[in-house]
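Coordinate inspection notes
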Amino acid sequence: MSGSSFSSSLTLGVGAVLVCAVAVLWLSAIRSVIRAISLQGVALGAVAVLLGVHLHDPALIATAAVVIAVKGVAIPMLLRHVTGGQPLARETRPLVNVPASLVVSAALIFLAFARTRGIARFVGTTAGTLVPVGFATLLVGFFVLVARRRPIFQMIGLLLVDNGIALVAFLVTAGVPFLIELGVSLDVLLGVVVLGVLAVRLRTDFGDLDLDALQELHD
Amino acid sequence: MTGAWPASTVAATSLLQVVLVVVGGPLLVGLMRKVRCRLEGRVGPPIRQPLLDLRKLARRERIRPDQASWVFSLAPLVLVGTTLVVVAIAPLLTTDPAFGSYADLFAVVYLLLLGSVALALGALDSGTAFGGMGASRAMTIGAIAEPALLLAILALSIPAHSSDLPAIVTGSLAHPIWLATPQRLLALVAFVIVIVAESGRLPVDNPSTHLELTMIHEAMILEFAGSDLALVKLGESMRLTVMVALLADLFVPWGIATAPGPAQVAIGLVSIIGKVAVLGVVLAAFEVAVAKLRLFRVPELMAGAFVLAVLAVVSSLVTP
């Protein structure tokens, strides 16, 4: 693969990861948010495949396969299962409304680019210049965690944070060892399963998925 | 580059641009209406109907509200005047229009903004409830739409190292690789959303209804009558046309005249008419497919366009 087509397709993949993160804040229908997070997993896997082909590293391509299987397919399916009863559900009362959170995410993206330029320069490769995008995804993920009420968004925020970290790892060190990535991916999968079980319990007990109902203790 | 063009040719092509947009603007509106009607299974009015409407309105008596001041009477003139200036200096037919060195992206965006602010002030000045409501809604949307437009064009200007629109167009003709980058794609999406919002079309505003709960643009122009209304309608269609033409030339620049000569200008003329017509048909077909957004969700759409434009700027700053 020639140098310029590699760097432009890498930029496209990394850009898709960030656009999906912003789409989570932009869209309010839960079904489309899950689609965005699934696309993000696939884009992350595509970035890893590109790097693996570029560096002739079969282990990285295997890691990419795990990433796509877990983050692109398995976790979105689980999330869909958790919200199964309410296909038209949407975030109706976010703590920060959509236009404001989009503006905040723009500020977070600028912050990430301003603060992590040093890392990008230190790494020095084409992939290295894209490192700030990983940090921006991570910050947007944290913001989703604080700005949205529904538990499903807590899971999705967690996933965004994890995807951001994974993106930085891929871009800086050409991927963590296969075993570690496998462990991390399965950890995240397990986390989503636990949160999913919790969400189902919450709904059967309260008939709703509102975490604000859990602010007081009951007998 | 300006030296290569004889002054008379430059003036002639600029004049041609003005004539083209003044006549073509209403025709574009008519074309979009026709496409919409056909897709909905109706015959629809002829494409030249908006031109006939303008002629009819221009002959009618001009009635102005009693309380209205000079702001009201000036609003249509400012709208048409600023748009005419943009049309004259923007690179629509050629990369070297008259006063092309003034076609800075900030100048063009703020001239367009001046027109919409003048219209909103005129609507407020009419003293009616609808006018004020429409003006406040239009400004709510415009407050996010204009920065998004500015940032989207700024993202295109970074690789060209110039904020002059002709320089941006010439630069992307010289480096076709720029056109396929992700930042272009992001800027394109933001640009399209802004065009839809600024020209008051679906899913932001429905140009063919007078339903008081939802209307934005129609509420602003309710009190204008006769030749005032004709000017407002002409100005609005010219704004739509010049924005669509800018979209075409910034993102698909091929065909624009880069050297003087009747043949080059003729190719430029055909290509810009073709590009604008295709984009108009696409926009109209899109309108048939979508439903109008709830008014309170429009700022979400605009904020999304803003963030996409920010992403475009950031990514064109970091990529070499």
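Residues numbered from 1 in each chain as written. Chains lettered and ligands numbered in written order. Predicted model: local features only at pLDDT ≥ 70, side-chain atom pairs only at ≥ 80, totals over all residues. Heavy atoms only, no water.

Some points on the overall build of chain B
Counting its secondary structure elements, chain B contains eleven helices and zero strands. In chain B, the order of α-helices and β-strands from amino to carboxyl end is α-α-α-α-α-α-α-α-α-α-α. Taken over C-alpha atoms, the radius of gyration comes to 19 Å for chain B, in line with the 20 Å a tight globule of 320 residues would show. Once the C-alpha set of chain B is aligned to its principal axes, its extents read approximately 55 × 45 × 40 Å. Counting over 320 residues, chain B shows a buried share of 54%. The contacts in chain B between residues at least 6 apart in sequence include a share of 79% that link residues at least 24 apart. Per element, the accessible surface of chain B, about 13,200 Å² overall, is 71% carbon and sulfur. Counting 21 positive and 19 negative side-chain charges, chain B places the centres of these two groups 9 Å from one another. (Helix = DSSP H or I, 4+ residues; strand = E, 2+ residues; numbered from the N terminus. Rg over C-alpha atoms; globule rule 2.2 N^0.38 Å. Buried < 20%, exposed > 50% of the residue type's maximum accessible area, 1.4 Å probe, protein only. Contact = heavy atoms within 4.5 Å. Areas by Shrake-Rupley, 256 points an atom, 1.4 Å probe, with all protein chains shown as cover. Lys, Arg positive; Asp, Glu negative; His and termini not counted. Charge placed at Lys NZ, Arg CZ, Asp CG, Glu CD.)

Re the packing of aromatic side chains
Ring pairs (aromatic) are described by centroid distance and by the angle formed between their planes. All names here are of chain B. Tallying each qualifying case throughout the model produces two aromatic pairs over all chains. Between Phe72 and Phe224 the ring centres are 4.4 Å apart and the planes differ by 5°, which places this aromatic pair in the stacked class. Taken together, the positions of Phe72 in helix H3 (residues 70-89) and Phe224 in the loop between helix H8 (217-220) and helix H9 (226-251) put the pair 152 residues apart, joining distant regions of the chain. For Phe224, a relative accessible area of 4% puts it in the buried group. On the numbers, 5.8 Å between centres and 90° between planes, the contact of Phe191 with Phe251 is edge-to-face. Of the two residues, Phe191 sits in helix H7 (residues 182-198) while Phe251 sits in helix H9, which places them 60 residues apart along the sequence. (Phe/Tyr/Trp six-rings, centres within 6.5 Å; stacked < 30°, edge-to-face > 60°.)

A short note on empty space enclosed by the protein
Residue and element names in this part refer to chain B. The full count for this structure, using the stated rule, is one cavity of 30 Å³ or more. If you add up the space inside the largest cavity, you get close to 40 Å³. Breaking the lining of the largest cavity down by element, the ones donating at least two residues are helix H4 (105-125), helix H5 (129-160) and H9. (1 Å grid on protein atoms, 1.4 Å probe; cavity = no way out; pocket = protein on both sides within 12 Å on 5 of 7 lines; lining within 4 Å. Points joined across faces, edges and corners; volume = space filled by probe spheres on them.)

What about H9(B)?
Across its 26 residues, H9(B) extends 38 Å between first and last C-alpha, which sits within 8% of the 38 Å expected from 1.5 Å per residue. The buried fraction of H9(B) is high, at 23 of 26 residues. (Expected span 1.5 Å × (residues − 1).)

Notes on the interface of chain B and chain A
Contacts between the two partners involve 18 residues from chain B and, on the opposite side, 17 residues from chain A. Where chain B abuts chain A, roughly 1,600 Å² becomes buried across the two surfaces, and 85% of that area is made up of carbon and sulfur atoms. Taken together, the links from chain B to chain A amount to zero salt bridges. Remark: the boundary between chain B and chain A carries one residue pair in polar contact (both at pLDDT 80 or more). At the level of elements, H7 and helix H11 (298-318) of chain B are the ones that each hand at least two residues to the side of chain B that touches chain A. The dominant element in the side of chain B that touches chain A, judged by the number of residues it contributes, is H11(B), at 13 residues. Split into classes, the residues belonging to the side of chain B that touches chain A amount to 14 nonpolar, two polar and two charged. (Buried area = accessible area lost by both parts, 1.4 Å probe. Salt bridge = Lys/Arg side-chain N within 4 Å of Asp/Glu carboxyl O. Polar contact = N/O pair within 3.5 Å; in protein donor to acceptor, adjacent residues only side chain to side chain. Nonpolar A, V, L, I, M, F, W, Y, C, P; charged D, E, K, R; others polar.)

Concerning the layout of surface pockets
All names here are of chain B. By volume, the largest pocket amounts to about 730 Å³. In terms of lining, the largest pocket is formed by 31 residues, of which the most central are Val29, Arg33, Pro207, Glu218 and Lys233. Contributing elements (two or more residues each) for the lining of the largest pocket: helix H1 (7-39), helix H2 (49-59), H8 and H9. Examining the composition of the lining of the largest pocket, we find that seven residues originate from one element, H9, more than from any other. Each residue belonging to the lining of the largest pocket can be placed in one class, and the counts come to 14 nonpolar, seven polar and ten charged.

Describing H4(B)
Residue and element names in this part refer to chain B. Here H4 is 21 residues long and its end C-alpha atoms lie 30 Å apart, about the 30 Å a rise of 1.5 Å per residue gives. Measuring from the side-chain oxygen of the N-cap residue of H4 to the backbone nitrogen of Phe106 gives 3.0 Å; that N-cap residue is Asp104. Backbone geometry just downstream of H4 places Gly127 in the positive-phi region, at approximately 80°.

Considering a nonpolar patch on the surface
Residues and elements named next belong to chain B. A contiguous nonpolar patch, built from Leu15, Val19, Val23 and Leu51 and spanning about 320 Å² of accessible area, is present on the exposed surface. With three residues, the single largest contributor to the nonpolar patch is H1. Residue placement: Val19 occurs in helix H1. (Patch = residues over 30% accessible without salt bridge, like charges linked within 9 Å, V, L, I, M, F, W, Y side chains within 5 Å.)

Some points on the nonpolar core
With 152 residues, the main nonpolar core has A:Leu10, A:Leu51, A:Leu79, A:Leu171, B:Ile153, B:Phe191 and B:Leu250 as its most contacted residues. Ignoring anything within four residues of it in the chain, the contact list for B:Ile153 reads B:Leu105, B:Val109, B:Leu165, B:Ile168, B:Phe191 and B:Leu250. (Core = buried A, V, L, I, M, F, W, Y, C linked by side-chain atoms within 4.5 Å.)

Concerning the side chain of B:Ser73
With respect to the helices and strands, B:Ser73 occurs in helix H3. Within the structure, the side chain of B:Ser73 is placed 3.2 Å from the backbone oxygen of B:Trp70, a separation counted as a polar contact.

Overview of the packing of helix H3 (residues 58-82) of chain A against helix H7 (residues 151-173) of chain A
Residue and element names in this part refer to chain A. For the pair H3 and H7, interaxial distance at closest approach is 12 Å and the crossing angle is 170°. Between H3 and H7, the crossing angle belongs to the class labelled roughly antiparallel. Together, Leu60, Thr63, Val67, Lys71, Ile75, Leu79 and Val82 of H3 and Ile152, Met155, Ile156, Leu159, Asp162, Asn163, Ala166 and Phe170 of H7 make up the contact between the two elements. (Axes fitted to C-alpha atoms, helices over the stretch in contact; angles between N-to-C directions. Parallel < 35°, antiparallel > 145°, perpendicular 65-115°, else oblique.)

Overview of the side chain of B:Glu146
Residues and elements named next belong to chain B. Mapped onto the secondary structure, Glu146 falls in helix H5. Notably, Glu146 is buried but unbridged: the nearest opposite-charge side chain belongs to Arg239, and the N-O separation is 4.8 Å. Ignoring anything within four residues of it in the chain, the contact list for Glu146 reads Val109, Leu113, Ser116 and Glu198.

Describing the pattern of salt bridges
Side chains bearing opposite charge may pair, as long as their charged atoms lie close to each other. Residue and element names in this part refer to chain B. This model, assessed by the stated rule, comprises seven salt bridges over all chains. A salt bridge links Glu198 to Arg239, with the shortest nitrogen-to-oxygen separation between them at 2.7 Å. You can see Glu198 sitting in helix H7 and its partner Arg239 sitting in helix H9, a full 41 residues away along the chain. As far as the burial class goes, Glu198 and Arg239 line up, both buried. Connected through shared salt-bridge partners, Arg36, Glu40 and Arg42 make up one network.

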